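Chain by chain, the residues run as shown.
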Amino acid sequence: MSALRQFGAWPLLAGSLAIAACSTGPMTPVAPVGPQTGPVPYTPSPTPGGQPATPSNALSPAVLPGWSEEDHLAAFRAYLDGCGAARDTAARAVCGRAKAMATTTTVTPSDARAFFEASFSAVPAATADGRPGLLTSYFAPEYPARRRQDAEFSAPVLPKPANPRGAGDRAYIESAARPDQALAWMRAEDLFFLQIQGSGYLTFEDGTRGRAAYAADNGKPFVGIARPMAQQGLLPQNGTSGDAIRGWLANHRGYEAQAVMALNPRYIFFRLDGDDDGHPAGAAGIPLTERRAIAVDPAHWRYGELIWLEADGGNLRGATASYRGLAMALDTGSAIRGPVRADLYMGRGDAAGAEAGTVRHPLRMWRLVPKG
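All residue numbers refer to position in the chain's written sequence, counted from 1. Side-chain atom pairs in this predicted model are given and counted only at pLDDT of 80 or more, local residue features only at pLDDT of at least 70, and totals for whole chains, interfaces and linings cover all residues. In computing side-chain properties, one takes all heavy atoms of the structure into account and sets aside hydrogens as well as water.

Draft legend 1. View of the state of the cysteines. Disulfide: a pair of cysteine sulfur atoms within 2.5 Å of each other. Inspection of every chain in the model, using the stated rule, returns one disulfide. A sulfur-sulfur distance of 2.1 Å marks the disulfide that ties cysteine 83 to cysteine 95. One quick way to see it: the torsion about the S-S bond of cysteine 83 and cysteine 95 is about 60°, and its sign makes the bridge right-handed. Here cysteine 83 is found in the loop between helix 2 (72–82) and helix 3 (89–104), whereas its partner cysteine 95 is found in helix 3, with 12 residues between them in sequence. Relative accessibility decides the category of a residue: with a 1.4 Å probe and only protein chains considered, values under 20% of the type maximum give buried, values over 50% give exposed, and everything between is partly exposed. With a relative accessible area of 2%, cysteine 83 lands in the buried category. Segments assigned H or I by DSSP are reported as helices when at least four residues long, segments assigned E as strands when at least two residues long, and all are numbered from the N terminus.

Quick look at the structure:
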């Protein structure tokens, strides 16, 4: 699998649970911030001369909300990292100009801003009812693991079986697992969260590290556990962040936690690779840049597209007020559906995970279309 999460990318930890230097710098905060399938995404109509026509509702990027506060140089670096995923002619031409610019001159923040404004028009994306969409977030988790099973590290990381789609649901797979099959052993709640993310990094007791990479799934639907946990009074309605869910599972390890986790019948199998100290690749096959890469719906967006995000007013406990900035479409996910839906890659480790677990923000999006 080329992506961070199953089906290319899983939904954000909190978002999926609720509804279900590679880094170039963060998105500008307003406050601390496989192959494509489905319908063919938006493509501008060609003019008689062969160049794509500029859409009638296109705007100058300069008028986007918060454009003047953006870190354009960090965005330019992230664009260089990801624009190679683009496949249409106009987008590849702009990507080529950016790469040539980066190799022949020292790019300044003002140069980067001028490049974006000269090369792109901004076209708003819209939901069917005109309401805001949804921003969630995900991360590459890092977990302790063991080579051998013990009372605390009792959950096996299982390899892909001969027939993963015939393996049964989560409860059956866990009951039938053989200890000699395990690639590693983890805390049960950590393995559950690793499976939501679809990929993550393991540190063993001797200090060696590895990456648990998605290998297959059992074909069962993903079912989020946050809503039923809130409905059962296990967590408050606005307290279903990733940290809150993990804490409850850890404090009720054993039968109670297993019963809650079994509400999600989906099960992920892994392979164990070396840790390259970088970031995982998304569905586009390109390593994700923290806070600058997003998962999108490939029915509405193309990999390698440049997108402006404007997300205000998260409602989960501990949420940052707003996120705003340029990001690259480099991933997808089974719950990332619709024209105004994005999952922001927050990075690796606990700090990234803590923030990712609070992101559930109303979202507006603009596609930056290469100028004809």
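Now, onward.
Draft legend 2. Layout of the packing of helix 2 against helix 3. Geometry is summarised by axes, namely lines fitted to C-alpha atoms with helices restricted to the contacting stretch, and by angles between N-to-C directions that run from 0 to 180 degrees. In the contact formed by helix 2 and helix 3, the axes pass within 10 Å of each other and the chain directions differ by 120°. On the basis of their axis angle, the class for helix 2 and helix 3 is oblique. Regarding helix 2 and helix 3, the two cross each other, and that crossing is left-handed. Across from Phe76, Tyr79 and Leu80 in helix 2, the residues of helix 3 making contact are Ala91, Val94, Cys95, Ala98, Lys99, Met101 and Ala102. Of the residues belonging to the contact of helix 2 with helix 3, the class tally is nine nonpolar, no polar and one charged. Angle categories are assigned with fixed cut-offs, so that under 35 degrees is roughly parallel, over 145 is roughly antiparallel, 65 to 115 is roughly perpendicular, and the rest are oblique. Note on convention: the crossing is left-handed when the near helix lies turned anticlockwise from the far helix by less than a right angle, right-handed when the turn is clockwise. A contact between two residues is defined here by any heavy atoms of the two lying within 4.5 Å. Polarity classes work like this: nonpolar for Ala, Val, Leu, Ile, Met, Phe, Trp, Tyr, Cys and Pro, charged for Asp, Glu, Lys and Arg, and polar for all others, with Gly in that last group.

Draft legend 3. Fine view of the pairing of strand 10 (residues 306–312). Summarising burial for strand 10: six of the seven residues are buried, a large majority. In this scheme, strands are said to pair when DSSP sees at least two bridges between them. Where strand 10 lies against strand 13 (residues 361–370), six bridges are found, and the strand directions are antiparallel. Across the sheet, the residue bridging to leucine 309 is methionine 365, located in strand 13.

Draft legend 4. The arrangement of the sheet that holds strand 6 (residues 199–203) in detail. Spatial ordering of the open sheet is given by 3-6-7-8, a layout of four strands whose pairing is mixed. Since the sheet does not close on itself, it has two edges, and those belong to strand 3 (142–144) and strand 8 (268–274), each with one partner. For this sheet, the mean angle separating the axes of adjacent strands, direction not counted, is 35°.

Draft legend 5. Up close: helix 2. Counting buried positions along helix 2 gives nine out of 11 residues, so the element sits mostly inside the fold. Along helix 2, the positions that sit buried rather than exposed are His72, Leu73, Ala74, Ala75, Phe76, Ala78, Tyr79, Leu80 and Gly82. In this structure, the buried side of helix 2 is in contact with helix 3, helix 4 (109–119), strand 1 (120–124), strand 10 and strand 11 (322–331).

Draft legend 6. Layout of helix 3. Its 16 residues place the ends of helix 3 23 Å apart at the C-alpha level, agreeing with the 22 Å of an ideal helix rising 1.5 Å per residue. Turning to helix 3, its buried residues number three or more, namely Ala90, Ala91, Val94, Cys95, Ala98 and Met101. Along the axis of helix 3, the buried residues cluster in a sector spanning 135°; they form a single face. Exposed and facing more than 90 degrees away from the buried side of helix 3 are Thr89, Thr103 and Thr104. Each element contacted by the buried residues of helix 3 is listed here: helix 2, helix 4, strand 1 and strand 13. In this analysis, the expected span of each helix is defined as 1.5 Å times one less than the number of residues it contains. Each direction from the helix axis to a C-beta atom contributes to the arc, which is the arc of those directions.

Draft legend 7. Region of the structure containing the confidence of the model for the chain. Each residue carries a pLDDT score, the predictor's confidence in it, ranging from 0 to 100. When pLDDT is averaged across the chain, the result is 84; 85% of the residues are at 70 or more. Scored below 50 in pLDDT, residues 1–24 shows 136 contacts in the model against residues more than four places distant or in partner chains. Across residues 28–52, where pLDDT falls below 50, the model places 59 contacts with residues more than four positions away in sequence or in other chains.

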